[in-house]
Amino acid sequence: MSYVNYMPLIFLLSPLAAFFIILLAKEHQESLISKITYYSTLLVLLSIAYFIVHWLLLEQAKMIFLPYFHIYESEAYQFTMDLYFDKIVAVYLLVGMLLIFLIVKYSTYYMHLEKGYRRFFAVMVFFIFSYNLTIMAGNFETLFVGWEMLGISSFLLRGFYRERYLPIKNAVKVFSIYRIGDIGIILAMWASHHLWFESVSFLKLQNYELVELHLAEKPLLFLFVSVMLLVAAAAKSGQFPFSSWVPRAMEGPTPSSAIFYGSLSIHLGVFLLLRTHLFWSHILAAKIIIAFVGAFTALSAYFISQAQATIKTQVAYASITQIGLMFVEIALGWYDIVLIHFVGNAFLRTYQLLISPSVVAYLIREQFYNFTPPQQEKRYIFGKRIAFSLYSLSLLEFNLDNFMSQWVFMPFKKIGSRLNFLSPSNILYFFVPMYAIGIIALFMENYMPLWLHNSLPIIFASIALLMVMKGFSERRYPRLAWLLLMLQHFWIALAVSHNEHFDFSEVIWYLSGVLVAGIFGFVVLQKLRKKEPKHYNLYSYHGHAYEHSGLATLFFLAALGLMGFPISSTFIGEDLIFSHIHEHQVLLAFILSACFVIEGIAIIRIYARLFLGRHSKAYHETPLQSS
């Protein structure tokens, strides 16, 4: 490869280096922090512009596939870091970095003297790294690394005002929706392994004959992967039935709202469908489903936006409307039009959100001095009753928020709240011996009936799911919740070990990250309990990050490691686990993916309730809940 082929590394290494440098800076060094962010962003922007010019003139805009290195490799599995460049990447990178550069310049003044100035810019450059990695990903594994990092950076910026109740509550809620979308990516990766029997690069999807051959052999598996990709894209882009999270994500600073939910992050669902269109565009049913989801979202979000009272909510639903139309355009095969649509919508929504404070001030002044009531009664095309019913539904946002709460999250809470037998003593006296029996059964499987041998993976995976649901609903004992979330990984490893024989080093690779992060987090919780015995539960937000910022940081790192964030071997271990689930074992795949997703939500909830929100002690400032 020529030196130009190594330039994409600048797009990743420059913001990553800026991230670590900003962490070393002091909070009051605003000038230094802003300069580091500004010049690192400028370097990435100029590098992207140069690379695109070189790609257009000398490479004739051909696709570029850059395989860099193997993170993990065995006889049956490879985890590779591959980068990919085509016109979709070029548009998303250039537009993204141009908008980020403008937002960074804007933020240096907007965030002046704000608490958490360093934290804001550190997360911002981390978002740049995550965004570029996601856009340039050359395979599903690399894309999922960036996808997970985007979710965490989004959570941190949504909860930037961590002393307030609503930003933290909504940050946890939106992170929960993101984790549901992660089910789609996880199961799509699992099913794609059974289609190609290897880590699938996006370059391989360009082979039309190969895709057609596999489609003819396994059409249902192709449809399954397509639907899972749609779930991930819909969750990330706020499409039906996940639309209600977007306005709740506007609780963060205006610059982060503009860059995340006005222009870039919210369009990643569109990017995912564009990147994988060569996979699902052969399936008529997939195109119909995508078009229906986009059309229904565009129609409902349009009416919702007309009934909202706040400008941020109006802009949020207006953006969702346009993205719904992009889904329809993708389903129709109008990929170039989608890219143009993305550019226009991204710039427009960023502009609207950045000037929203000035617009609100102008409208208030205009209404105060020049308001005149309408002289004629408004005529309704469909009649008053239908119009008023539609208005009420739009005002309530079609009850999508209540739908997600009651029918998605509440069942897990209700089941978990009834699992009182999962106490520390019962875990010690019953589940530990049961686990030992499960290990012994690994070496005696030849003596077991076939039906029992085939049932053990589901049984052990179900035990893991019960532990996760109990950890998800536990409110009184944070250490018990953490312990259950840690132990469920061991039951998952046991379930998959009974499912297929594989190298024991893969189990060590998986559980080593779990063990280190789990013990580390448990020690932090123990120290916090000794320091704050009166304010140590999960019934409310306690805000211990005020007085114990060091413990908050350490626990957050442990939480990332336990949930499989790409800083520990747990992340690769989870992918290894799924590679040993057979094609016909859809139920087992769903149970394990539900374990990973609910576990991530439960871990973030523990962190948020212990360390974020208004402080439990009265001598700290207590902002209003609606602030």
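Please refer to the structure higher up on the page.
Residues numbered from 1 in each chain as written. Predicted model: local features only at pLDDT ≥ 70, side-chain atom pairs only at ≥ 80, totals over all residues. Heavy atoms only, no water.

Visitor: When you look at the overall build of the protein chain in this model, what are you seeing that I'm missing?
Guide: Assigned secondary structure in the protein chain consists of 25 helices and two strands. Its C-alpha atoms give the protein chain a radius of gyration of 25 Å, within 12% of the compact-globule value 25 Å for 627 residues. Projecting the C-alpha coordinates of the protein chain onto the three principal axes gives extents of approximately 85 × 65 × 60 Å. Within the protein chain, contacts between residues separated by at least 24 positions form 79% of all contacts whose residues are at least 6 apart in sequence. Roughly 27200 Å² of accessible area belongs to the protein chain as shown, and the carbon and sulfur atoms make up 67% of that amount. The protein chain carries 43 positive and 35 negative side-chain charges, and their two centres are separated by 15 Å. (Helix = DSSP H or I, 4+ residues; strand = E, 2+ residues; numbered from the N terminus. Rg over C-alpha atoms; globule rule 2.2 N^0.38 Å. Contact = heavy atoms within 4.5 Å. Areas by Shrake-Rupley, 256 points an atom, 1.4 Å probe, with all protein chains shown as cover. Lys, Arg positive; Asp, Glu negative; His and termini not counted. Charge placed at Lys NZ, Arg CZ, Asp CG, Glu CD.)

Visitor: Hey, could you run me through the pattern of salt bridges in this one?
Guide: Within the structure shown, the criterion is met by seven salt bridges. Ionic pairing is found between D336 and K87, a salt bridge with its closest N-O pair at 2.5 Å. Linking D336 in helix α15 (residues 335–354) with K87 in helix α3 (residues 87–110), this pair joins segments that are 249 residues apart in sequence. The exposure class assigned to D336 is partly exposed, which follows from its relative accessible area of 43%. Judged by relative accessible area, K87 falls into the partly exposed class, the value being 43%. One salt bridge in this structure joins R179 and E148, with 3.2 Å as the shortest N-O distance. (Salt bridge = Lys/Arg side-chain N within 4 Å of Asp/Glu carboxyl O. Buried < 20%, exposed > 50% of the residue type's maximum accessible area, 1.4 Å probe, protein only.)

Visitor: Mind showing me how you'd approach helix α18 (residues 400–417) here?
Guide: Three or four residues apart is the spacing at which side chains of an α-helix point the same way, because the helix has 3.6 residues per turn. A rise of 1.5 Å per residue sets the reference length of α18, with its 18 residues, at 26 Å; its end C-alpha atoms lie 24 Å apart and thus fit the reference within 8%. A bend of about 50° at M410 is the largest found in α18, and the proline P411 appears one to four places after it. (Expected span 1.5 Å × (residues − 1). Bend = angle between axes of the 7 residues up to and from the residue.)

Visitor: What am I meant to see in the packing of helix α8 (residues 219–237) against helix α13 (residues 284–307) here?
Guide: The relative placement of two packed helices is expressed as an angle between their axes plus a distance between the axes. With their axes 10 Å apart at the nearest point, α8 and α13 run at an angle of 15° to one another. Taken together, the axes of α8 and α13 are roughly parallel relative to one another. Our pair here, α8 against α13, has a crossing hand that is right-handed. Residues L223, S226, V227 and L230 of α8 lie in contact with α13, whose contacting residues are A285, A286, I289, I290 and V293. (Axes fitted to C-alpha atoms, helices over the stretch in contact; angles between N-to-C directions. Parallel < 35°, antiparallel > 145°, perpendicular 65-115°, else oblique. Left-handed = near helix turned anticlockwise from the far one by under 90°.)

Visitor: Is there a simple way to think about the packing of α13 against helix α17 (residues 384–395) in this case?
Guide: Their axes nearest at 8 Å, the elements α13 and α17 cross at an angle of 85°. In this view, α13 runs roughly perpendicular relative to α17, as classed from their interaxial angle. Note on element contacts: α17 touches α13 through L390, Y391, S394 and L395, opposite F303, I304 and A307. Among the residues making up the contact of α13 with α17, the classes are represented as six nonpolar, one polar and no charged. (Nonpolar A, V, L, I, M, F, W, Y, C, P; charged D, E, K, R; others polar.)

Visitor: I'm lost on the environment of A318 in this one. Help?
Guide: With respect to the element layout, A318 can be found in helix α14 (residues 311–331). With relative accessibility at 19%, the residue A318 sits in the buried group. Leave out the neighbours within four places in its chain, and A318 touches S305 and R349.

Visitor: I tried to follow the packing of aromatic side chains on my own but got confused; where do I start?
Guide: We describe a pair of aromatic rings using the distance from one ring centre to the other and the angle between the two ring planes. All told, the structure shown has 34 aromatic pairs when counted by the stated rule. Seen in terms of ring centroids, F144 and F571 are 5.6 Å apart; in terms of plane orientation they differ by 20°. Their pairing is stacked. Of the two residues, F144 sits in helix α5 (residues 140–158) while F571 sits in helix α24 (residues 569–578), which places them 427 residues apart along the sequence. Assigned by exposure class, F144 and F571 land together as buried. Plain terms: the ring middles of F556 and Y607 are 5.0 Å apart, the flat faces sit at 45° to each other, and that makes the pair tilted. Placement of the pair is F556 in helix α23 (residues 549–562) and Y607 in helix α25 (residues 586–611), with a sequence separation of 51 residues. Ring pairs connect the aromatic residues Y117, F120, F121, F160 and Y161, which therefore count as one cluster. For K105, the ring lying beneath its charged end belongs to Y38, and the centroid distance is 5.0 Å. One cation-aromatic arrangement involves R164 over Y161; the distance from NZ or CZ to the ring centre is 4.3 Å. (Phe/Tyr/Trp six-rings, centres within 6.5 Å; stacked < 30°, edge-to-face > 60°. Lys NZ or Arg CZ within 6 Å of the ring centre and 35° of its normal.)

Visitor: For this particular structure, what's the right way to read a nonpolar patch on the surface?
Guide: A cluster of nonpolar side chains, I439, I440, F443, M444 and Y447, forms an exposed patch at the surface whose accessible area comes to about 610 Å². Following the sequence through the fold, M444 ends up in the loop between α19 (424–442) and α20 (450–473). For M444, a relative accessible area of 41% puts it in the partly exposed group. (Patch = residues over 30% accessible without salt bridge, like charges linked within 9 Å, V, L, I, M, F, W, Y side chains within 5 Å.)

Visitor: So what exactly am I meant to see when it comes to the environment of A602 here?
Guide: Secondary-structure assignment places A602 in helix α25. For the pair A602 and G564, spaced 38 residues apart in the sequence, the C-alpha separation amounts to 13 Å. Those residues in contact with A602 that lie beyond four places of it in its chain are G471, F472 and L485.

Visitor: Please explain helix α4 (residues 117–136) as it appears in this structure.
Guide: In this model, α4 (20 residues) spans 29 Å end to end at C-alpha, consistent with the 28 Å of a helix rising 1.5 Å per residue. Among the 20 residues in α4, 18 count as buried, and that is most of the element.

Visitor: How should I be thinking about the environment of L299 in this particular structure?
Guide: In this structure, L299 sits in helix α13. Taking the C-alpha atoms as reference points, L299 and A558, 259 residues apart in sequence, are found 43 Å from one another.

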